[in-house]
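Chain and residue survey
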Amino acid sequence: MEKLPKVGILAVQGDFEAHAATLARLGVEHVFVRTPRDLEGVDAMILPGGESTTQWKFLVEEGLDRSLREFAARGGAIFGTCAGAILLAREVHHPDQASLGLADITVIRNAYGRQLASEVRSGLTSLSPEPIEMVFIRAPIIDRMGPNVEVLATSQGQPVLVRQGRTLIATFHPELTSDTTVHEYFLRIASGKLDSADKVLARD
Ligand code: GLN
């Protein structure tokens, strides 16, 4: 039988329980990660939505910033939603904040009116033919993307789901709907079924 990836969920603050519930629906094991030691044996990490400033402080205090960078360097897959997307970005502005720098994107947290509104939208992705529900809550904006970043979905002209190799980023919250499409896609990345050569074409 195929081995499912063991997934860690950063469980410091934010909606980590919602990610756990989504994984449970898919029959996938998870552990909550609060210390570098919790990362042992984990194949894939989820960084949930919430408050990125609080989450970042905790990561630094616990030494998890370093451990997560090492995890990515040894090929671990990482999925960040909303605040998690902010933590993964190379640069964070408005207000400026340090971050893990694991994805070649710049995000704007609160661009004085440019921030995406908190609302539920329906949107197409290149992951499936059906539109998915996208829950935006004080979502960051992806302002710049490097050449290795693939856009998997846009909404109102903004990239909202992007991927760089084994790193997946959603500015919305797929964990807050019953649709498991985005988590299933992440598990395929984590299982090595979608390598970076397997480029998924973005829709217009
Ligand atoms: N804007 C929030 C932050 O800066 C993220 C919001 C969210 O995760 N829903 O952390």
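Residues numbered from 1 in each chain as written. Predicted model: local features only at pLDDT ≥ 70, side-chain atom pairs only at ≥ 80, totals over all residues. Heavy atoms only, no water.

1. Here's the deal with unusual backbone geometry
Put simply, the rule is: Where helices and strands are cited, they refer to DSSP runs of H or I of at least four residues and of E of at least two residues respectively, numbered from the N terminus. For every residue, the accessible area obtained with a 1.4 Å probe (protein chains only) is divided by the maximum for its type, and the residue is called buried under 20%, exposed over 50%, and partly exposed between those limits.
For the bond running from H94 to P95, omega is -5 degrees, close enough to zero to count as cis. Here P95 lies in the loop between strand 5 (89-93) and strand 6 (103-108). Residue R138 is not a glycine yet carries a positive backbone phi of 40 degrees. For R138, the location among the structural elements is in the loop between strand 8 (132-136) and strand 9 (141-145). We classify R138 as partly exposed; its relative accessible area is 47%. We note that Q156 has phi near 50 degrees; this positive angle belongs to a residue other than glycine. Relative to the helices and strands, Q156 is located in the loop between strand 10 (150-155) and strand 11 (158-164).

2. Concerning the site of the ligand
So the rule is basically this: The criterion for a residue being near a molecule or strand is simple. One of its heavy atoms has to lie within 4 Å of it. Any N or O atom pair separated by 3.5 Å or less is treated as a polar contact, with the protein-specific requirement of one donor-capable and one acceptor-capable atom, and with residues adjacent in sequence counted only for side-chain atom pairs. Only the protein chains shown count as cover for residues, and the accessible areas themselves come from Shrake-Rupley with a 1.4 Å probe. Each residue gets one of three labels, nonpolar for Ala, Val, Leu, Ile, Met, Phe, Trp, Tyr, Cys and Pro, charged for Asp, Glu, Lys and Arg, and polar for the others, Gly among them.
Around the ligand, a shell composed of G49, G50, E51, S52, C82, A83, I86, R109, I137, R138 and H173 is seen. The separation between a nitrogen atom of the ligand and a polar main-chain atom of R138 is 3.0 Å. Alone, the ligand offers 300 Å² of accessible surface; in the complex the protein occludes 96% of this. Within the shell around the ligand, the residues separate by chemical class into four nonpolar, four polar and three charged.

3. Comments concerning the sheet that holds strand 5
Keep this limit in mind: When DSSP finds two or more bridges between a pair of strands, those strands are recorded as paired. Here the axes come from fitting lines to C-alpha atoms, over the contacting stretch only for helices, and the angles between their N-to-C directions go from 0 to 180 degrees.
In spatial order, the strands read 5-6-9; together these three strands make up an open sheet with mixed pairing. With one partner strand each, in any of the chains shown, strand 5 and strand 9 form the two edges of the open sheet. Strand-to-strand twist of the sheet, defined as the mean angle between neighbouring strand axes without regard to direction, takes the value 25 degrees. Judged from the four bridges that link them, strand 6 and strand 9 form a sheet pairing that is antiparallel. Pairing of T106 across the sheet is with R144, part of strand 9.

4. Overview of helix 3 (residues 64-73)
Spacing of three or four residues puts side chains on the same side of an α-helix, whose turn is 3.6 residues. Where we set the bar: What the arc covers is the set of directions going from the helix axis to the C-beta atoms. It only takes one pair of heavy atoms within 4.5 Å for two residues to be counted as in contact.
All of the buried residues in helix 3 are L64, D65, S67, L68 and F71. With its buried residues spanning 165 degrees around the axis, helix 3 presents them on a single face. Opposite its buried face, helix 3 presents the exposed residues R66 and A73, each directed more than 90 degrees away. On its buried side, helix 3 packs onto strand 1 (7-10), strand 2 (30-33), strand 3 (44-47), helix 2 (52-62) and strand 4 (77-81). With its phi angle positive at about 95 degrees, G75 sits one or two positions after the end of helix 3.

5. Thoughts on the side chain of S155
Note that S155 resides in strand 10. Looking at S155, its side chain comes within polar contact range of the side chain of R121, at 2.7 Å. If we ignore the near neighbours within four places in the chain, the residues touching S155 are R121, M134, F136 and V160.

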